[in-house]
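# Summary of structural features
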Amino acid sequence: MSITIEQVRAALRAAQDPFSQLPLAVSVKDRDIQAGPGGFAVRIELGYPAAYAQADVAEIARRALAAAGAPEARVTVEWKIGAHAVQGTLKPLTAVRNIIAVASGKGGVGKSTTAVNLALALAADGARVGVLDADVYGPSVPLMLGLNDKPVSKDNKTMEPLQAHGIEANSIGLLVGPDSPMIWRGPMATQALEQLLRQTNWGDLDYLLVDMPPGTGDIALTLAQKVPVVGAIIVTTPQDIALLDARKGLKMFEKVEVPVLGVVENMAMHICTQCGHVEHIFGEGGGQRMAAQFGVPWLGSLPLALSIREQADSGTPVVAAQPEGEAAGLYRGIARKLATLVAALPRDMAGKLPGVVVKPA
């Protein structure tokens, strides 16, 4: 053995995780480096679901260690998704490590479709994921996930989430008839959603995506203040009228000290199914310019595609129905950026240091 443990750590500090853009050393603790007669064994623990990244990260680490003088080093790559700090004095839910709000300034921009497909993409990469449909007046998650049954209660106090395509879900739409209008004022709707969140027996989730109601009204604002979220993403279309409202949604989260993790531009372009011609029906690049204007990450663009609409209406979203397709690949790319951004957030220290609140930067 020709190098020391400190030289191993130096090699890992110089090697970069190509997905999080962080040095590999941040994912390796002292106990993860073991020296033995056969050389070094190094365990890398990533903070995001990394089923897709294991082989690449391991190869980068092996090359860095070989260049430093440890060509026989054995590298294993795993992942563990931790809980991160939430806004104000709120505390994370016991069974959910990270709640992410998926919001828009206005309706009709594909927010629910985006939330459901991102949840499925995170699950496909190895995370345990749930979706909470917080749109009381227009719940669409049950239809998109093909859910018809009502949640079961085992103790008459709490309810079990439903399962679909490998993720958990709950929605007010599962508790009422499909044609029953929710004629509730804001306080009633807010109370119902808090009950859905806190009285659902979520099953040890890494991420819970909350499909927020559109706008910045009473329900959305109250949820942003009372639901312990680690961050929010803003879904918009490129057109100016959607961007105008999306900016308001972004500013709302800023005011309640919720980090905006990024902007997703939906319906960015239409691709003709006959000839492949690309046309920017709703404008071009508006979401990306908004992200740059407010200094928040740009997560990516999604097309206006017939398959995305058809699969959502059929109860099998495109990420589950066509996992190798182009549209699913775009959702996976956005989900992976989102997961690495969450992994870089301040960690929740409430369990280790009671009384200490780490506010998001």
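Thresholds applied
- Residues numbered from 1 in each chain as written.
- Predicted model: local features only at pLDDT ≥ 70, side-chain atom pairs only at ≥ 80, totals over all residues.
- Heavy atoms only, no water.
- Patch = residues over 30% accessible without salt bridge, like charges linked within 9 Å, V, L, I, M, F, W, Y side chains within 5 Å.
- Areas by Shrake-Rupley, 256 points an atom, 1.4 Å probe, with all protein chains shown as cover.
- Salt bridge = Lys/Arg side-chain N within 4 Å of Asp/Glu carboxyl O.
- Lys, Arg positive; Asp, Glu negative; His and termini not counted.
- Charge placed at Lys NZ, Arg CZ, Asp CG, Glu CD.
- Buried < 20%, exposed > 50% of the residue type's maximum accessible area, 1.4 Å probe, protein only.
- Phe/Tyr/Trp six-rings, centres within 6.5 Å; stacked < 30°, edge-to-face > 60°.
- Helix = DSSP H or I, 4+ residues; strand = E, 2+ residues; numbered from the N terminus.
- Pairing = 2+ DSSP bridges.
- Axes fitted to C-alpha atoms, helices over the stretch in contact; angles between N-to-C directions.
- Contact = heavy atoms within 4.5 Å.
- Arc of directions from axis to C-beta.

### Structural notes on a positive patch on the surface
On the surface, Lys 29, Arg 31, Lys 80 and Arg 347 cluster together into a positively charged patch. Taking the relative accessible area as the measure of exposure, Arg 347 reaches 46% and is therefore partly exposed.

### Quick notes on the packing of aromatic side chains
Applying the stated rule across the entire model yields two aromatic pairs. On the numbers, 5.0 Å between centres and 85° between planes, the contact of Phe 19 with Tyr 52 is edge-to-face. With Phe 19 in the loop between helix H1 (5–14) and strand S1 (33–36) and Tyr 52 in the loop between strand S2 (39–46) and helix H2 (54–68), this pair connects stretches of sequence that are 33 residues apart. Exposure remark for Tyr 52: the relative accessible area of 18% places this residue in the buried category.

### With respect to unusual backbone geometry
Unlike most non-glycine residues, Gln 21 shows phi in positive territory, near 65°. Inspection of the secondary structure assignment puts Gln 21 in the loop between H1 and S1. Given the relative accessible area of 46%, Gln 21 is considered partly exposed. Positioned with a positive phi, Asp 204 is a non-glycine residue whose angle comes to about 55°. The residue Asp 204 is located in the loop between helix H5 (186–198) and strand S8 (205–211) in this model. Judged by its relative accessible area of 37%, Asp 204 falls in the partly exposed class.

### Looking at the sheet that holds strand S3 (residues 74–79)
Pairing within the open sheet is mixed, and its three strands lie in the order S1-S2-S3. Bordering the open sheet on either side are S1 and S3, each of which pairs with just one other strand. Averaged over all adjacent pairs, the angle separating strand axes in this sheet is 15°, with direction ignored. Bridge count for S1 against S2 is four bridges, and the pairing is antiparallel. Across the sheet, the residue bridging to Ile 33 is Val 42, located in S2. Sheet strands in contact with H1 are S1 and S2, and its direction is about 40° off that of S2. Here H2 sits on the sheet in contact with S2 and S3, set at roughly 145° to S3.

### Here's the deal with H1
Inspection of H1 places Val 8, Arg 9, Ala 11 and Leu 12 among the buried residues, and these make up the whole buried set. On an axial view of H1, the arc spanned by its buried residues comes to 160°, and they lie on one face. Where H1 is buried, its residues contact S1, S2 and H2.

### A few points about the environment of Arg 289
As for its placement among the helices and strands, Arg 289 is situated in helix H8 (residues 286–294). The class for Arg 289 is exposed, based on a relative accessible area of 53%. Taking the C-alpha atoms as reference points, Arg 289 and Glu 194, separated by 95 residues in sequence, lie 34 Å from one another.

### A short note on the sheet that holds strand S13 (residues 298–301)
On the basis of which strands lie adjacent, the open sheet formed by eight strands has the order S6-S7-S5-S8-S4-S9-S10-S13 and mixed pairing. Edge strands, defined here as strands with exactly one partner in the open sheet, are strand S6 (162–164) and S13. Strand-to-strand twist across the sheet, computed as the mean angle between neighbouring axes with direction ignored, equals 25°. Taken together, the four bridges between strand S5 (residues 129–133) and strand S7 (residues 167–171) define a ladder with parallel strand orientation. Along S7, the bridge assignment pairs Asp 133 with Ser 171. This element, helix H7 (residues 240–255), spans strand S4 (96–103), strand S9 (231–236) and strand S10 (260–265) of the sheet and lies at about 175° to S9. Helix H11 (residues 326–343) contacts S4, S8, S9, S10 and S13 of the sheet and is inclined by roughly 175° relative to S13.

None of this, on its own, says anything about what the molecule does.
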